[in-house]
Amino acid sequence: MKSRTLSFSLMMETFKRQIWVFAVSCLAYFLVFPVNAVMSIGQWKDIYGVTLELMQKLFFWSLYGSPYGTAEQLSTILCVTVLLGILSAVEGFSYLHSKTKVDFYHSLPIKKEKLFFNQLAVSVMTYLIPAFIGMILMIGVGALNNVFTLKAFGGGLAAVLIGLVFYVMSFSLTALAMLLTGRLLVGVLGTAVFFGYSILLQQIVIDYCEMFFHNNYTGNEYQRSLISGMGTYGSPFGIANYVSQNLNQGNGWLATIVSAGITGVFLVLCLFAYRKRPSEAAGSSMAFSKVAVVVKVILVTTAALLMGMIARNVNGGSKDGWFVFGLVFGLLLFHCIIQMIYQPDIRQILSGKLSFLVTAILVVAISCSFRFDLLGYDRYLPEQDEIVNLNVVTDSLFIDSWGMYSEYKQRLDKMELGNGNEMYQLAKHLIAGSKKYQEELDKMQEDETYENELGSVLPIYVKYELKSGRSVYRSYTVYFEDIREDIERLSDNEQYLNDLYPIRTIDDPGKVEQIQLTSLESSVSKELYTAKDDRRIEFVKALQKDMQTLNGDIIANEIPVGRVYYDRVVEDNSYIYNQSALSIELYKMGQHSSVTNEMTYIYPSFTNTLAILKEMGFKMEPQFDPEKISQISVYDYRKDSDEYAEQESTGGVITETKDEDDEVEPEIYTERSDIEEILPSLIWYDLASLWDNTNGDFRVELSMTNGYGTEDTYICYVRKDRIPHILNK
Amino acid sequence: MIQIREVSKNFGDVKAVNNLTLDIREGEVFGLVGTNGAGKSTLLRMLSGILRQDKGEIQIDGQNVYEAEDTKSKIFYVSDEAYFFANSTPKEVMQYYVHVYPEFDTGRFHKMMMQFGLDEKRRIHTYSKGMKKQLSVILGLSANTKYLLCDETFDGLDPVMRQAVKSLFASEICSRDFTPVIASHNLRELEDICEHVGLLHEGGILLSKDLEEMKFHIHKVQCVVPDDMRETQLLKDLEVLQYHRQGSLLMITARGTRTEIMQRVEMAEPIFCEVIPLSLEEIFISETEVAGYEVKNLIF
């Protein structure tokens, strides 16, 4: 009883000492709960089609998350909570960095664990009371605006408890930083390391992969990858962000429970460190010498790798040379900086030789493993029987209609191409082709005059979906000729074409909306049908019928005459504008659609489609109308190469970088006969692909009069097999 | 009783306390003297449970002190640089101590604050250094702990206040079970209050003795003897610690009671003779020189 009385009275005394943190907490939760609610409710009323029910849901969601939450948006409430946890721990444990204060507190007849739990209890009180009152006030605001429900009260309570998890997590992590250090500034730096190190490390790993792994695929979408996990789950901010995004959609509870477990581990670590922490550590940089060495090794290694990366990316010339310079410079610089932080004595700046050696070995090992791909990232190819699906996407050969604005990963995830020999051989050829391409690239970098005749290069994205449930993504850059046969086989693969062009297999043509056309008649897309125009059904059926005839021969040999863009309504909600709770709810209410923007070529053999288009007045000619062409400007880069060769042979010095547009004067053709000779050889840029075998020596700008009294300019290529004589003169 | 057995404490490469063994008896004022860096503060911080010794054993009334609430509740540590809560008043600090020390005597606190002329409602940060020291001592005495560990407490106190504090200590010792341990580098400060003194040097204890016993058994003699032969004989007869000559005046510091020394001096038939009691400072200089230490480097 005496002990309990002492604990409570001690807690109240400690609380009085930290009353300013409580005041900050009250202000913060007053702003993020009731004030924010007043402002939000005003905004919700402006949402198109909003109902009272939706507003009640929004009110419920906004209690513990972000109703607008997108991938980039951190809930204000949880963000404030994490920051307050940091503030409270810094205030509560900063005494450990003052000898006078340590002498005072540790001379008192109170056990260290009691002091720790006393501080924890005060900090929890500093969160709970203002958060709970703020939540009640917010519910009051909700009731006044008629959006309060009993469910919202439960949500509010849950929100306060979820916040408590992240508050204590943030508190304990900060406390750990304060306990491991002996000076306030170092403690604050330590806190910054705990909260930000994983994000920095994630960025370094991503950048190293991009720098050194030729087949690396990060794209824009790496949220669920192991690397991004470092950033997401390595910091309380990241976890809080994840939870706030997912709670409103019914997920996030598991993450919260796991977070509570991690918080418990942090608290145990704190208590252990607190008991073991020597009082004389006050004033020293680090409280535990062994931990100090480990921290130094980790930080210097990371900093050296970062410096190596910066030096390599910032400077031209020998990339490897700058990389090594950056590593060595970073290693020395940060070793000295941390040594100075640990022992503020210039004479000690180079001490700690053993840790320096260990750090140097680590830096060499890590940088070499990336630079020389010691772990075989670029060579990665799982056993065939381990693969469930080996999916492939490339834009340069097939303009796949499947969400042309969506990311490759999303498109790869929609495919199911199996693990057949055809696909496995393609993967093998891609790995070998990528290696060959890199070797050629190295030769070109070493010798600026080096040229090869290997033709066009294209990127190909691959997903290895494994039986273990893991998915591995790679991006290969290869010469087209090296994989032409594989691609030709692939373009006859029905499954592949079905995955690539969903319009081939959709049951309901009505799902296709907002159809637009681009052709040689106009560079501006023209609307064919609106979503409400039922005549589109007939067009879609025709297009679908033609698409079903699509095969490798058509793709490889026919030159498209136009492109059709359309919106396709998808059954699930994966294509709504964002994945926020509000968007999903509006989708359920029919206010939002899950729509993918798709596109397909119109090939000359698409007779059904072309017939309808011609009925509608579109000529859909395979070449531009000579009547409308006022002039053709041809940039012939062979000429530039000749001049270059001439200058080289005569010892001429080229001081400027070769720039095609600057150095090549176009040949301009305005005569009707010339225009008529050139036109059949031209392929409009928007309709060109690698299959067409365009000639890279020419770039053509075509000026065509439109119906508005002005001229449109079309960029075109010249067909490799059909170079007009006039251009060879 | 405080028992310190073979205790060592290192701070990195620095040996702050080195294999120290010492007993501090109950009910006496123990003076802990030594130069700056001798290890006095470290020893007191170990005694108060702030620091854990690397080696050895510290027991207070037979119990370990580090992380032992019951043992620590018998101790009040007055630091040389006392900490008070930011912007607090003595009354607020007192309220905190009331929660921590169950025997804290608030009445006594108020009384002493009044006696010392300190305003309980005034912010402590407006106090002078001496006033803060007084407040620390008042809090320490009001806590009613058995042991009061004072680190350089008398520094910054004016002579009047110093006497007042000494009187309070004396009064406490008479009225209850109270053992103050006072660390200082200033021997004069401790001379008229300490009953037992321990001299620390480089982390070790040079000596630990009752002050009266030391004063009783060591004296300084100033005399003039008629010839060299008698002088030589006198120096042989006395247990000489120090010996100086100024002209014909001999100044001898020797062990022994006043009577013993006078008997031997009179045998040398001195022309002039005077026995002077030594100050604590002089005793320590003599003792430490005997112990082989260069006194000038030790004290002052």
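Criteria and thresholds
- Residues numbered from 1 in each chain as written.
- Chains lettered and ligands numbered in written order.
- Predicted model: local features only at pLDDT ≥ 70, side-chain atom pairs only at ≥ 80, totals over all residues.
- Helix = DSSP H or I, 4+ residues; strand = E, 2+ residues; numbered from the N terminus.
- Buried ≥ 20, exposed ≤ 12 C-beta atoms within 10 Å, placed from the backbone.
- Contact = placed C-beta atoms within 7 Å.
- Pairing = 2+ DSSP bridges.
- Axes fitted to C-alpha atoms, helices over the stretch in contact; angles between N-to-C directions.
- Nonpolar A, V, L, I, M, F, W, Y, C, P; charged D, E, K, R; others polar.
- Parallel < 35°, antiparallel > 145°, perpendicular 65-115°, else oblique.
- Left-handed = near helix turned anticlockwise from the far one by under 90°.
- pLDDT = per-residue confidence, 0-100.
- Expected span 1.5 Å × (residues − 1).
- Arc of directions from axis to C-beta.
- Core = buried A, V, L, I, M, F, W, Y, C linked by C-beta atoms within 7 Å.

Chemist: How would you sum up the overall build of chain A? Please name residues and give values.
Modeler: A count of helical and extended segments in chain A gives 26 helices and 12 strands. Looking at chain A as a whole, 38% of its 729 residues are labelled buried. Excluding contacts between residues fewer than 6 apart, the proportion of contacts in chain A whose partners are at least 24 apart in sequence is 77%.

Chemist: Talk me through the overall build of chain B; I want residue IDs and the actual numbers.
Modeler: Assigned secondary structure in chain B consists of 12 helices and 14 strands. In terms of overall dimensions, chain B has C-alpha extents of about 70 × 45 × 30 Å along its principal axes. A buried classification covers 40% of the 300 residues belonging to chain B. Long-range pairs, those at least 24 residues apart, make up 70% of the contacts in chain B with a sequence separation of at least 6.

Chemist: Describe in detail the sheet that holds strand β8 (residues 179–184) of chain B, supporting the description with residues and values.
Modeler: All names here are of chain B. The strand order across the open sheet formed by 6 strands is β6-β7-β8-β3-β9-β10, and the pairing between neighbours is mixed. Each edge of the open sheet is held by one strand with a lone partner, namely β6 (75–78) and β10 (204–210). Adjacent strand axes in the sheet meet at a mean angle of 15°, parallel and antiparallel pairs treated alike. Two elements, strand β3 (residues 30–34) and strand β9 (residues 196–201), share 5 bridges in a ladder whose sense is parallel. Residue pairing across strands places Phe30 opposite His196, the latter belonging to β9.

Chemist: I'd like a rundown of the interface of chain B and chain A, residues and numbers included.
Modeler: Facing 19 residues of chain B, the contacting portion of chain A comprises 19 residues. Elements with a contribution of two residues or more to the side of chain B that touches chain A: α2 (69–72) and α3 (90–100) of chain B. It is α3(B) that contributes the most residues to the side of chain B that touches chain A, 3 residues altogether. Residues belonging to the side of chain B that touches chain A are distributed by class as follows: 8 nonpolar, 5 polar and 6 charged.

Chemist: Describe the sheet that holds strand β6 (residues 562–569) of chain A, listing the residues and the values that go with them.
Modeler: Residues and elements named next belong to chain A. If you walk across this open sheet you meet the 4 strands as β5-β4-β6-β7, and the pairing is antiparallel. Of all strands in the sheet, those with a lone pairing partner are β5 (522–529) and β7 (595–602), marking the two edges. Taking the axes of each pair of neighbouring strands and ignoring which way they run, one obtains an average angle of 20° across the sheet. Here strand β4 (residues 512–519) runs beside β6; their pairing, made up of 6 bridges, is antiparallel. Counterpart to Gln516 in the pairing with β6 is Tyr565. Set on the sheet, helix α19 (residues 536–548) makes contact with β4, β5, β6 and β7; between it and β4 the angle comes to about 65°.

Chemist: Pulling in residues and values, what's your account of the environment of Val50(A)?
Modeler: Residue and element names in this part refer to chain A. Within the secondary structure layout, Val50 lies in the loop between α2 (19–44) and α3 (52–64). Look at Val50 and you get partly exposed, because 17 C-beta atoms sit within 10 Å. As a C-alpha pair, Val50 and Met589 span 539 residues in sequence and 9.5 Å in three-dimensional space. In this view, Val50 contacts Trp44, Lys45 and Met55; residues no more than four positions away in its chain are not counted.

Chemist: For the packing of helix α6 (residues 112–144) of chain A against helix α7 (residues 150–180) of chain A, give the residues involved together with the corresponding values.
Modeler: All names here are of chain A. Contact geometry of α6 with α7 gives a least axis separation of 10 Å together with a crossing angle of 155°. As summarised for this structure, α6 and α7 are arranged roughly antiparallel, according to the angle between their axes. Considering only the axes of α6 and α7, their crossing is right-handed. In this structure, α6 contributes Ser123, Val124, Tyr127, Leu128, Ala131, Phe132, Met135, Ile139 and Gly142 to the contact, and α7 contributes Ala152, Phe153, Gly156, Ala159, Val160, Gly163, Leu164, Tyr167, Val168 and Phe171. Tallied by class, the residues present in the contact of α6 with α7 amount to 15 nonpolar, 4 polar and no charged.

Chemist: Can you break down the packing of helix α16 (residues 421–446) of chain A against helix α17 (residues 480–490) of chain A residue by residue, with the values?
Modeler: All names here are of chain A. One way to put it is that α16 packs onto α17 with a least axis distance of 9 Å and a crossing angle of 155°. Taken together, the axes of α16 and α17 lie roughly antiparallel to each other. As α16 runs across α17, the sense of the crossing is left-handed. Contacts from Glu422, Gln425, Leu426, His429, Leu430, Gly433 and Lys436 in α16 reach Asp482, Ile483, Asp486, Arg489 and Leu490 in α17. Considered class by class, the residues forming the contact of α16 with α17 number 4 nonpolar, 3 polar and 5 charged.

Chemist: Outline helix α1 (residues 40–47) of chain B, supporting the account with residue identities and numerical values.
Modeler: What sets the pattern is the α-helix's 3.6 residues per turn: residues three or four places apart point alike. Burial analysis of α1(B) places 8 of its 8 residues in the buried class, which makes it a mostly covered element. Two residues or fewer past α1(B), Gly49(B) is found with a positive phi of approximately 85°.

Chemist: Quick one: what's the story with the environment of Gln544(A), residue by residue and with numbers?
Modeler: Residue and element names in this part refer to chain A. With respect to the secondary-structure elements, Gln544 resides in helix α19. Sequence spacing of Gln544 and Arg411 is 133 residues, and the spatial spacing of their C-alpha atoms is 20 Å. Non-local contacts of Gln544, meaning those with residues more than four positions away in its chain, are made with Ile503, Arg504 and Pro509.

Chemist: Describe the pairing of β6(B), and please don't skip the residues or the numbers.
Modeler: Residue and element names in this part refer to chain B. Residue alternation in β6 divides its side chains into two sets, Ile75 and Tyr77 and Phe76 and Val78, and both sets are buried. Bridge count between β6 and strand β7 (residues 147–151): 4 bridges; the pairing is parallel. Bridge pairing links Val78 to Cys150 in β7.

Chemist: I'd like to hear about the confidence of the model for chain B, residue by residue, with values.
Modeler: The predicted model of chain B has a mean per-residue pLDDT of 86, with 95% of residues at 70 or higher. Here the prediction assigns the complex a pTM of 0.79, and the interface score ipTM is 0.87.

Chemist: Break down α19(A) for me, with residues and values.
Modeler: All names here are of chain A. The terminal C-alpha atoms of α19, which comprises 13 residues, lie 18 Å apart, in line with the 18 Å expected from a rise of 1.5 Å per residue. Along α19, the residues that are buried comprise Arg536, Phe539, Val540, Leu543, Asp546 and Met547. In an axial view of α19, the angular spread of the buried residues amounts to 125°, which keeps them on one side of the axis. Those residues of α19 that are buried are in contact with β4, β5, β6, β7 and α22 (607–615).

Chemist: If you had to explain the nonpolar core to someone new, which residues and values would you point to?
Modeler: In summary, soluble globular proteins display a tendency toward joint burial of nonpolar side chains. Residues and elements named next belong to chain A. The biggest cluster of nonpolar side chains holds 89 residues, and the ones touching the most others in it are Met135, Phe166, Ala175, Leu176, Leu179, Cys270 and Ala304. Per-element accounting of this core gives the leading share, 17 residues, to α7. The residues contacting Leu179, other than those within four sequence positions of it, are Phe93, Leu96, Cys270, Ala273, Tyr274, Arg277 and Ala287. Of all hydrophobic cores here, the second largest spans 70 residues; its members include Tyr464, Tyr496, Leu613 and Leu687.

Chemist: Got a sec to walk through unusual backbone geometry? Specific residues and values, please.
Modeler: Of note in the backbone geometry, Gln514(A) takes a positive phi value of approximately 45° without being a glycine. You can see Gln514(A) is positioned in strand β4. Residue Glu6(B) is not a glycine yet carries a positive backbone phi of 50°. When you line up the elements, Glu6(B) lands in strand β1 (residues 2–11).

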